[in-house]
Amino acid sequence: MTVQRVLTGITTSGTPHLGNYAGAIRPAIAASRHPGVESFYFLADYHALIKTTDPLRVQRSTLEIAATWLAAGLDTDRVWFYRQSDIPEIPELAWLLTCIAGKGLLNRAHAYKAAVDKNTAEGLDPDAGVNMGLYMYPVLMAADILMFKAHSVPVGRDQIQHIEMARDIAGSFNHLYGEHFVLPEAAIDASVATLPGLDGRKMSKSYDNTIPLFAPTAELRKLVFSIVTDSRAPGEPKDADGSALFELYQAFSRPEEARAMRTAFEEGIAWGEAKQALFDKIEATVAPMRARYEELIADPAQIEKHLLEGAAKARAIATPFIAELRHAVGLRRLTTMAQPAKAAKAKATTQPQFKQYREGDGRFHFKLVAADGATLVVSEGFATPREAGALVTYLKQGGEFEIAGDGVFVSGERVAALVGGCAATGLRAALASFAE
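On a predicted model such as this, the values are computed, not experimentally measured, just so you know.

## A look at the packing of aromatic side chains
In the structure shown here, the tally under the stated rule is 14 aromatic pairs. On the basis of an interplanar angle of 80 degrees and a centroid distance of 4.8 Å, the ring pair of Y112 and Y135 is categorised as edge-to-face. Within this pair, whereas Y112 is found in helix α6 (residues 110-121), its partner Y135 is found in helix α7 (residues 132-147), the two being separated by 23 residues in sequence. Here the aromatic rings of F214 and Y293 are separated by 4.3 Å at their centres, their planes lie at 25 degrees, and the arrangement is stacked. Residue F214 is found in the loop between β5 (185-187) and α9 (217-224), and its partner Y293 is found in helix α12 (residues 271-297); the two are separated by 79 residues along the sequence. You'll find F214 and Y293 in the same group, each marked buried. Of the aromatic side chains, those joined through ring pairs into one cluster are F40, F42, W80, Y82 and F148. We note R221 situated over the ring of F225; from NZ or CZ to the ring centre the distance is 4.3 Å. Its end group placed over the ring of W271, K238 keeps NZ or CZ at 5.5 Å from the ring centre.

In structure tokens, the structure reads:
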């Protein structure tokens, strides 16, 4: 069975709310139970330092978020659950990546561009208030992902660019130092809804419209009954679509219960009755977790034990991998210098290599380079990196293909072009070497 590694980071700068649970925590925990999946969940406390300079807030948020995931049912024996700052290999990798990441690439990061645009519009210096943490955020995020060779990273659409940047940086590193990194892909789950907050807008701390996940029962009821509704009276039909109240109910109920509530809306349920039904549904879901959460919050040592055990598991992967990367870039013991640099370079190129990259038009390609450095094949463009990678795997594993003229065809479809007159012979020899 092919194992798929999935990695999720949670920034420790706030208190979890209902939207975090329904949109991220609940589906992530469910996914971690699937066979053939290795799940990595980490508390991104280094990232939190970009957003806040309050040390107590970072520490408290770390405690609350860790307790939330454990109370929600995360099985730390099945997954890797760790605190980012407990893995010193991550910032070291971030530096290695910093040394090959292009400034032009980082200049295009959405968060940095937004800050520059805001400053420019206000007549300020373009970089006013911009710290290097914000600017280098994509590199640290790339290190988080690449360290554990994650195949898939569940993110919101606003984070897709960061995954693409991680791919670009990994591709550059692989090109310079050999194939060390897996190129990750963003996983967007269109079925996971963004929950509305008290005012109908996206539930977000930025809008001050959140419902804390583990608010005490009385506070939870008060918040639910403060959800903004329209002025339609009891008995007057109400529109479920676009109703924050209905969307929240749907997120915490079974499909048949949501359908019944939709019918109740059409038949004119009173807003107070609908809010009571929503409160009952949320309380039934949250109450058992709340009891476990409060137990964990009262015993930080129990949480710390889980995190340190998770760090040990994570470092069992990270420590040997960073040693491999240090050697690749030349950070080596002098006693390992057994041959001149030229000879070492010649030895490093004794095997053919597939190299994946993206062109300016946004399409994804690969090329096959012979042991002597000559390019044998350049692929057609593909819409996604997955398609290009699947064809590379197919060819490496001895998949059938045909050569006609300067084209390489799979199942009658042209997938690549030969480069040079002897490329056909070189192609077959290169592919044969992968099977040895």
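## Comments concerning empty space enclosed by the protein
What the rule picks out here adds up to two cavities of 30 Å³ or more. Together, F354, F366, L368, V377, L395, V408, A416, L427 and L431 line the largest cavity. At the level of elements, β7 (364-369) and α16 (423-434) are the ones that each hand at least two residues to the lining of the largest cavity. Of the residues assigned to the lining of the largest cavity, the class counts are nine nonpolar, no polar and no charged. Of the pockets and cavities examined, the second largest cavity occupies roughly 30 Å³. Forming the boundary of the second largest cavity are L245, F246, Y249, M261, F265, A274 and L278. Contributing elements (two or more residues each) for the lining of the second largest cavity: α10 (244-251), α11 (255-266) and α12. It is α10 that contributes the most residues to the lining of the second largest cavity, three residues altogether.

## Quick look at the pattern of salt bridges
A side chain of one charge can pair with a side chain of the opposite charge when the charged atoms of the two come close. All told, the structure shown has 18 salt bridges when counted by the stated rule. The closest approach of N and O atoms between R262 and D241, which form a salt bridge, is 3.1 Å. Of this pair, R262 sits in helix α11 while D241 sits in the loop between α9 and α10, and the two are 21 residues apart along the sequence. Here R290 makes a salt bridge to E283, at a shortest N to O gap of 2.9 Å. The class of R290 is buried, set by a relative accessible area of 7%. A relative accessible area of 15% places E283 in the buried class. Among the ionic contacts, a cluster of salt bridges with common partners joins R254, E256, E257 and K281.

## Quick notes on the side chain of S253
Tracing the backbone shows S253 in the loop between α10 and α11. Looking at S253, the relative accessible area reads 16%, which means it is buried. Separated by 2.8 Å, the side chain of S253 and the backbone oxygen of Y249 make a polar contact. Sequence-distant contacts of S253, defined by excluding residues within four places in its chain, comprise A258 and K281.

## Topic: helix α15 (residues 385-396)
Spacing of three or four residues puts side chains on the same side of an α-helix, whose turn is 3.6 residues. Relative to the 16 Å expected for twelve residues at 1.5 Å per residue, α15 spans 16 Å between its end C-alpha atoms, a close match to the ideal helical length. All buried positions along α15 are accounted for by P385, A388, G389, L391, V392 and L395. With its buried residues spanning 160 degrees around the axis, α15 presents them on a single face. Count one or two residues on from α15 and you reach G398, which has phi positive near 85 degrees.

## Regarding the packing of helix α3 (residues 55-71) against α12
Between α3 and α12, the shortest axis-to-axis distance is 9 Å and the interhelical angle comes to 140 degrees. The angle between α3 and α12 falls in the class oblique. For the pair α3 and α12, the crossing hand works out as right-handed. The segment α3 lies against α12, with R60, L63, E64, A67, T68, L70 and A71 engaging M289, R292, Y293, L296 and I297.

## Observations concerning helix α4 (residues 89-98)
Among all positions in α4, only E89, I90, L93, A94, L96 and L97 are buried. Seen from one end, α4 has its buried residues packed into an arc of 160 degrees, which puts them on one side. Each element contacted by the buried residues of α4 is listed here: α7, α8 (160-177) and α13 (300-329).

Reading the values: the criteria
Counting restarts for each chain, with residues numbered from 1 along the sequence as it is written. Only residues with pLDDT of at least 70 get local features here, since the model is predicted, and only at 80 or more are side-chain atom pairs given and counted; chain-wide, interface and lining totals rely on the full set of residues. Note that the side-chain values use all heavy atoms of the structure and ignore hydrogens as well as water. Stacked, tilted and edge-to-face pairs are distinguished by plane angle, under 30 degrees for stacked and over 60 for edge-to-face with tilted covering the rest, among Phe, Tyr and Trp rings (Trp via its six-membered ring) whose centres lie within 6.5 Å. Helix and strand assignments follow DSSP, with helices taken as H or I runs no shorter than four residues and strands as E runs no shorter than two, numbered in order from the N terminus. Burial classes follow relative accessibility: with a 1.4 Å probe on protein chains only, a residue under 20% of its type's maximum area counts as buried, one over 50% as exposed, and anything between as partly exposed. The criterion for a charge sitting over a ring is simple: Lys NZ or Arg CZ within 6 Å of the ring centre, and within 35 degrees of the ring normal. Put plainly, a pocket is an open set of points on a 1 Å grid over the protein atoms alone with protein on both sides within 12 Å along at least five of seven lines, a cavity is a set where a 1.4 Å probe fits but cannot get out, and a lining residue has an atom within 4 Å of a point. Grid points are joined across faces, edges and corners, and a volume is the space filled by probe spheres set on the points. Polarity classes work like this: nonpolar for Ala, Val, Leu, Ile, Met, Phe, Trp, Tyr, Cys and Pro, charged for Asp, Glu, Lys and Arg, and polar for all others, with Gly in that last group. Should a side-chain nitrogen of Lys or Arg be within 4 Å of a carboxyl oxygen of Asp or Glu, the pair is scored as a salt bridge. Here a polar contact is taken to be a pair of N or O atoms separated by no more than 3.5 Å, where protein atoms must pair a possible hydrogen donor with a possible acceptor and residues adjacent in sequence count only if both atoms sit in side chains. Contacts: residue pairs with any heavy atoms within 4.5 Å of one another. Each helix should span, by expectation, one fewer than its residue count multiplied by 1.5 Å. An arc is given here, and it is the one of the directions from the helix axis to the C-beta atoms. To define axes, lines are fitted to C-alpha atoms, for helices over the stretch in contact only, and angles between the resulting N-to-C directions are given on a 0 to 180 degree scale. Relative orientations are named as follows: roughly parallel for angles under 35 degrees, roughly antiparallel for angles over 145 degrees, roughly perpendicular for angles from 65 to 115 degrees, and oblique for any other angle. Take the far helix as your reference; a near helix turned counterclockwise from it by less than a right angle gives a left-handed crossing, and one turned clockwise gives a right-handed crossing.

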